[in-house]
Amino acid sequence: MAENLIIPPTADRRELYTALLPQIQALVAGESDPIANMANVAAVLRQAFGFFWVGFYRVVGQELVLGPFQGPLACSRIGFGKGVCGAAWKARRSIRVPDVDTFPGHIACSSESKSEIVIPVFDAKGQVTGILDIDSDKPDDFTPVDISCLEEWMQTIGGRLF
Ligand code: SME
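Values in this document were obtained by computation on a predicted structure and should not be read as measured data.

Overview of the site of the ligand
Around the ligand lies a shell of 13 residues, among which Val84, Cys85, Ile107, Glu116 and Asp135 are the nearest. Ile107 has a polar backbone atom sitting 2.7 Å from a nitrogen atom of the ligand. Taking Asp133, its side chain carries an N or O atom lying 3.3 Å from an oxygen atom of the ligand. Protein burial of the ligand: of its 300 Å² of free accessible surface, 99% is covered by the chains.

Thoughts on the pairing of strand β2 (residues 63-70)
Pairing analysis gives six bridges linking strand β1 (residues 53-60) to β2, with the strands arranged antiparallel. Note that in β2 the partner of Gly55 across the bridge is Phe69. Remark: two residues form the turn of the hairpin made by β1 and β2, two consecutive strands paired antiparallel; Gly61 in that turn has positive phi of roughly 65°. Both β2 and strand β3 (residues 77-79) contribute to a ladder of three bridges, which runs antiparallel. Within β3, the residue paired with Glu63 across the bridge is Gly79.

Notes on the sheet that holds strand β6 (residues 128-136)
Backbone hydrogen bonds hold the strands of a sheet together, and the pairing may be parallel or antiparallel. Strands sit in the order β3-β2-β1-β6-β5-β4 across an open sheet of six strands; the sheet is antiparallel. Taken across any chain shown, the strands that pair with only one partner, and hence form the sheet edges, are β3 and β4 (95-97). Adjacent strand axes in the sheet meet at a mean angle of 25°, parallel and antiparallel pairs treated alike. Where β1 lies against β6, six bridges are found, and the strand directions are antiparallel. Pairing of Arg58 across the sheet is with Gly130, part of β6.

Examining empty space enclosed by the protein
Counted under the stated rule, the structure contains one cavity of 30 Å³ or more. Approximately 170 Å³ is the volume found for the largest cavity. If you go around the largest cavity, you meet 20 residues; those closest to its centre are Ile107, Cys109, Glu116, Asp133 and Asp135. Counting residues per element, the ones that place at least two in the lining of the largest cavity are β1, α3 (83-91) and β6. Ranked by the residues each element gives to the lining of the largest cavity, the list is headed by α3, at three residues. A breakdown of the residues in the lining of the largest cavity according to their chemical character gives 13 nonpolar, four polar and three charged.

Thoughts on the nonpolar core
In this structure, Val41, Leu45, Leu132, Ile134, Trp153 and Met154 are the most contacted members of the largest nonpolar core, which totals 30 residues. Of all the secondary-structure elements, those providing two or more residues to this core are α1 (13-29), α2 (34-49), β1, β5 (115-122), β6 and α4 (144-157). If we skip the residues at most four places from it in the chain, Met154 touches Phe56, Ile119, Val121, Leu132 and Leu161.

Let's talk about the environment of Leu64
Here Leu64 shows up in strand β2. In this structure Leu64 comes out as buried when scored by relative accessible area, which is 0%. Separated by 25 residues in the primary sequence, Leu64 and Ala39 have C-alpha atoms spaced 17 Å apart.

Things to note about α1
The end-to-end C-alpha separation of α1 is 24 Å, in line with the 24 Å expected for 17 residues at 1.5 Å each. Largest kink in α1: about 30°, centred on Leu21, with the proline Pro22 one to four residues after it. Listed as buried for α1 are Arg13, Leu16, Tyr17, Leu20, Leu21, Ile24, Leu27 and Val28. Buried-residue contacts for α1 involve α2 and α4. Among the residues of α1, the N-terminal cap falls to Asp12, whose side-chain oxygen and the backbone nitrogen of Arg14 are separated by 3.0 Å.

Rules and cut-offs
Residues numbered from 1 in each chain as written. Predicted model: local features only at pLDDT ≥ 70, side-chain atom pairs only at ≥ 80, totals over all residues. Heavy atoms only, no water. Near = heavy atom within 4 Å. Polar contact = N/O pair within 3.5 Å; in protein donor to acceptor, adjacent residues only side chain to side chain. Areas by Shrake-Rupley, 256 points an atom, 1.4 Å probe, with all protein chains shown as cover. Pairing = 2+ DSSP bridges. Helix = DSSP H or I, 4+ residues; strand = E, 2+ residues; numbered from the N terminus. Axes fitted to C-alpha atoms, helices over the stretch in contact; angles between N-to-C directions. 1 Å grid on protein atoms, 1.4 Å probe; cavity = no way out; pocket = protein on both sides within 12 Å on 5 of 7 lines; lining within 4 Å. Points joined across faces, edges and corners; volume = space filled by probe spheres on them. Nonpolar A, V, L, I, M, F, W, Y, C, P; charged D, E, K, R; others polar. Core = buried A, V, L, I, M, F, W, Y, C linked by side-chain atoms within 4.5 Å. Buried < 20%, exposed > 50% of the residue type's maximum accessible area, 1.4 Å probe, protein only. Contact = heavy atoms within 4.5 Å. Expected span 1.5 Å × (residues − 1). Bend = angle between axes of the 7 residues up to and from the residue.

Following this line, the structure appears as structure tokens:
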């Protein structure tokens, strides 16, 4: 398995997501351990896009429990419906927050985080198995392109992550 990532020199996020997806697919297809896969996916997203914080939370009982991530220290457990992550879990849909200070109940792990995007991951039965959380230190850093591309990523590789 190649551990070399080819990152095209473009600032176009859709182009980046599209170029990276087959590489990510190959990476996770060659590894059966979900923690190793979550760790590498977080690393790729951090390296390619320079996001402030990228990580996964796993559904464990009635809580989300912190999984592999890249970035500063984060809270370990988030209740169902709590914060942006718990809200995305409860609503069973992606949530994009242009300004974290305006999201009711936002859990601030770092004051440097300004905008956020959360993508739930589903198993074959439609149960949420975990979420992908990305924080940016820039306000309004995410667009519907991030949502649709990351949803495609999670639909494609989610079964190798949780
Ligand atoms: N802001 C998140 C908490 C997780 S950290 O951003 C890593 C939330 O409100 O759920």
